[in-house]
Structure formats: C-alpha cells, structure tokens
Amino acid sequence: MAVPRPVRKVPFFDWAALFREHRDDYVRIFAETADRGGFILQRDVEEFETALRGVTGSRHAVALADCTNAMSLGLRALGIGPGDEVLIPSHTFLATAQAVVYAGATPVPVDIDARNLMDAAATEAAITPRARALMPVQVNGTTADMDALGDVARRHGLALVEDSAQALGATYKGRQAGTFGAWGAFSFYPSKTLGGFGDAGALVTDDDEIAAGVRAMRNHGSGVDKVIPADTTVWGTNSRIDNIHAAILAYKLTRHYDADIARRRAIAARYDSALADIEEVARPAAPGADPERFDVFQNYEIETRRRDALRAHLAEDGIGTILQWGGTAIHQFRGLGFTQTPPRADAFFRRCLLLPMNHLLSDDDVDHVGASVRRFFGRPA
Ligand SMILES: *Cc1c(COP(=O)(O)O)cnc(C)c1O
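Because the structure is predicted, anything quoted here is derived from the model rather than measured. (Residues numbered from 1 in each chain as written. Predicted model: local features only at pLDDT ≥ 70, side-chain atom pairs only at ≥ 80, totals over all residues. Heavy atoms only, no water.)

Things to note about empty space enclosed by the protein
The tally for this structure, following the rule as stated, stands at one cavity of 30 Å³ or more. Roughly 30 Å³ of internal volume is contained in the largest cavity. What lines the largest cavity is simply F13, L18, P190, K192, T193, G195, K252, R264, N358 and H359. (1 Å grid on protein atoms, 1.4 Å probe; cavity = no way out; pocket = protein on both sides within 12 Å on 5 of 7 lines; lining within 4 Å. Points joined across faces, edges and corners; volume = space filled by probe spheres on them.)

Okay, here's the thing in structure tokens:
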C-alpha cells in the first residue's frame, strides 16, 4: 500500500503571519495614533515620507493611496495626457498600463532583454512622434539597464519615469531604484517588500513642481493651506494614504526593512545553491553576483520549459507557487486593444514561475522547496 508522503506546507505567502510578526507593536501604534484622532494626513504621513526620503535620497516623497495612483498622478504632473504615448515593458503588472490610461495617455508595451526587463533597443524601435515618456519597471526587485534606457530617453527628448513598485532599496551602480528619472513610484501592498496591511504607495522626485502637483492632486487639489484654491485649474482626486497605515509603514521601514531585505537576499542565496547544478532551470543572479546591482528580491522567479509540470509537482509537495500577474504579459491582453508581438516576452511567459519568497520563510521552508525542485529534475538531494 502506498504510504502518502508527509507534506510540509510552504504557502506562497502567509498573509496572517505578516501581522503576527510584530503584533504587539502594531496594536500599540494603532492605539496611539487613533487615541489622538490621527486618521487623515497627520504627522505620521510626514514621518513616513521622511523615512522614504532617507532610503531613496530624494528631495521629495509623497505618500499615496497606492502605487497605481502614484504613477497616474506622476504622469499627469508631467503634463502627459491625451494623444501621448508612454512606453512600458510587456513584462509588468497591468497596473503600469492602467496608470498610463488613467492619465489619459496610451501605453505601448515593448519587449524585454536577457534579464527579462525593459529592453533599450526594443524601446527605441517603438518610439513614435507621439511618445512622451519611458517607464521601465524594476520587476522582482532588480533594476533594468538604466544607463541604456536613460540614454534612449535623452536622445529622443523623452521623460524617464520608473515603476519601482517592487524595488524599494534596490540599487544600480550605487543609485537607488526610483531616482533615475523625473519620478519613481513604490507599492506597499501587503506582499511587497515593505508590506502594509492594505493598500499604500508613494512617489519620490527631486522636482519641486512635480512634488507639489502630486501632493495637491492626492488631496482633491488642495494647496499648501489645505483648501482648494478658488482659481484652481487642476482636477485633483482622493489618493491619500491612511494616516494610521502611514504610522505602521514608518515603523516597519525604519525598524525592520534592512533586516527584512537581508533575509530575502539570504533566501535567494539558499535557492541559488540548491538549483545551481540544474541546467534545465534559469535563475536570477545570486545576491552580490552582479557588482552593478543590489537586488531586494521582491520575488524569486525561475524559468523552465517544464514549468507547468514542475508547478504541479511542487503543489503535491505542499508548495505554493505563482505565475506572476496570472501569467499574462501586457501585450497579451488583446481585449484591451494591444496588437504588439514581442517575441522574448511571449517566450518568457511560457516558462516563468515564482517560488515562495518573503522574509518570513524559514531555512527549512526554503530547503523543502529546493529539495522538491531537485527531485523533479532527478538530482540527488
Ligand atoms: C504591485 C505592483 C503595482 C501596483 O501597485 P498597487 O500599490 O497595488 O497599486 C504596479 N506595478 C508593479 C510592477 C507591481 O508589482
């Protein structure tokens, strides 16, 4: 009689564990903030923005309701709107394209490079007279070839802006993700590297006008005196971050973020050595392997031709995996009007798989995943 293997469960993400981790501190922060009525745009938002400026070195940080809104408001602050095109990689979340559409402009997805990020040559080839901006996406917490993309933007007189939703604290040649162009945007969705207890985001910029514009638009178009100027010409909206949430995020960022990123990098190194001799699997550069980059490992994404079978095998071993963004590239949303056919992005989306990656995983969890992948490919334990 077949004896079922004991199954160790490694969920892709343990949502409740995120709160359990520093529960007493979170409850205390909630009580302290609520006790003084700190619900909307109080000092906690400023403290969080100060902490974000500390990480990125930007002159301004504007905390917002989420990253999608941050990008949309950032594009509007640059005067980008109807008739304009914004180039984005096809390997990203649909939110990147949505932000462009909600600013009134048209997203143009382009192909990816050997590291699966926005490709500079494909970007340049997609530029039309209507192009206004490039928006690289720092997918998985690693940075695109920002030298080459910056060069394309400069030569064509286009703005460069960054979807850094997944990359707070990542660097390229010593420079922080989010600081390469006019602005960068971050997400604090619970499963992001700086995970909140709901939605939140931020925009960073060195440009005083962009900062003032986004700050006003997040609060219905209010000026510095917190009222809407009678002669306003700007349609604002409500994109405020919740103040209690800002207090919690400020605590997480200042007290725990560095250790959480160090833990993600240690997990990536552990995966790297478990998978190193499996040539059927392509894996991201190990932490420290690329001297130009400090990666924060929002995700650990592998590629393999036998992706679907591997995924089923891991599930039998109690391991949760994800096809990022449901396994659909931007240009593959044909119902939204896309007609592009970027070949490398098409190939990538047939092969990609996210293994569990977050700072709450134990070494035993990671070893269980590594051993299961090794068994699938017939490698010794
Ligand atoms: C999470 C994510 C977003 C959206 O962020 P929200 O805060 O949920 O709006 C946008 N782009 C990328 C690459 C993301 O990973």
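Having seen the structure, we can now continue with the description.
Quick look at the packing of aromatic side chains
The full count for this structure, using the stated rule, is twelve aromatic pairs. An angle of 85° between the planes, with centres 5.8 Å apart, marks the rings of Y26 and Y251 as edge-to-face. Taken together, the residues span a long stretch of sequence, with Y26 in helix α2 (residues 23–35) and Y251 in helix α9 (residues 243–255) at a distance of 225 residues. This pair shows no difference in class: Y26 is buried, exactly as Y251 is. For the ring pair F297 and Y300, a centre distance of 6.4 Å and an interplane angle of 25° mean the geometry is stacked. Looking at F297, the relative accessible area reads 3%, which means it is buried. (Phe/Tyr/Trp six-rings, centres within 6.5 Å; stacked < 30°, edge-to-face > 60°. Helix = DSSP H or I, 4+ residues; strand = E, 2+ residues; numbered from the N terminus. Buried < 20%, exposed > 50% of the residue type's maximum accessible area, 1.4 Å probe, protein only.)

Observations concerning the site of the ligand
Lining the immediate surroundings of the ligand are 15 residues, of which T68, D163, Q166, S187 and K192 lie closest. Residue D163 places a side-chain N or O atom 2.8 Å away from a nitrogen atom belonging to the ligand. Q166 places a side-chain nitrogen or oxygen 2.9 Å from an oxygen atom of the ligand. Coverage of the ligand by the protein amounts to 93% of the 380 Å² it exposes when considered alone. More than half of the atoms of the ligand fall within 2 Å of the grid points belonging to the largest pocket. Of all elements in the fold, only α4 (67–77) and α5 (94–102) reach the threshold of two or more residues within the shell around the ligand. In terms of residues, the shell around the ligand owes the most to one element, α4, which gives three residues. Along the lines of polarity and charge, the residues of the shell around the ligand split into seven nonpolar, five polar and three charged. (Near = heavy atom within 4 Å. Polar contact = N/O pair within 3.5 Å; in protein donor to acceptor, adjacent residues only side chain to side chain. Areas by Shrake-Rupley, 256 points an atom, 1.4 Å probe, with all protein chains shown as cover. Sits in = over half its atoms within 2 Å of the grid points. Nonpolar A, V, L, I, M, F, W, Y, C, P; charged D, E, K, R; others polar.)

Re the sheet that holds strand β1 (residues 60–64)
With mixed pairing, the seven strands of this open sheet are ordered in space as β1-β9-β8-β5-β4-β2-β3. One side of each edge strand has no neighbouring strand; the edge strands of this open sheet are β1 and β3 (106–110). Within the sheet, the average angular offset between the axes of one strand and its neighbour, ignoring direction, is 25°. In the sheet, strand β5 (residues 159–163) pairs with strand β8 (residues 183–187) via three bridges, with the strands oriented parallel. Its bridge partner lying in β8, E162 is registered against G184. (Pairing = 2+ DSSP bridges. Axes fitted to C-alpha atoms, helices over the stretch in contact; angles between N-to-C directions.)

A word on the pattern of salt bridges
Taken as a whole, this structure holds 27 salt bridges when the rule is applied. Close ionic contact of E47 with R43 constitutes a salt bridge, the shortest N to O distance being 3.7 Å. You can see E47 and its partner R43 sitting in helix α3 (residues 43–56), four residues apart, about one turn around the helix. On the basis of relative accessibility, which here comes to 43%, the residue E47 falls in the partly exposed class. Between D151 and R154 there is a salt bridge, and its shortest N-O distance comes to 3.9 Å. Linking D151 with R154, this pair stays in helix α7 (residues 146–155), spanning three residues, or about one helical turn. (Salt bridge = Lys/Arg side-chain N within 4 Å of Asp/Glu carboxyl O.)

Structural notes on unusual backbone geometry
At N140, a position not held by glycine, the phi torsion is positive, near 70°. Residue placement: N140 occurs in the loop between β4 (131–134) and α7. Take N140: its relative accessible area is 12%, and that puts it in the buried class.

A short note on the layout of surface pockets
Here the largest pocket is characterised by a volume of approximately 640 Å³. Every residue lining the largest pocket is counted, 32 residues in all, and those nearest its centre are F93, Y189, S191, K192 and W325. Among the elements of the structure, α4 and α5 are those that each provide at least two residues to the lining of the largest pocket. It is α4 that provides the largest number of residues to the lining of the largest pocket, a total of three residues. Here the lining of the largest pocket is composed, by residue class, of 16 nonpolar, twelve polar and four charged. Approximately 420 Å³ is the volume found for the second largest pocket. R215, A216, S222, G223 and V224 are, among the 21 residues lining the second largest pocket, the residues nearest its centre. Among the elements that take part in the lining of the second largest pocket, helix α8 (residues 208–218) stands out by supplying six residues, more than any other. Across the lining of the second largest pocket, the residue classes tally to eight nonpolar, eight polar and five charged.

Keep in mind these values describe shape, not function.
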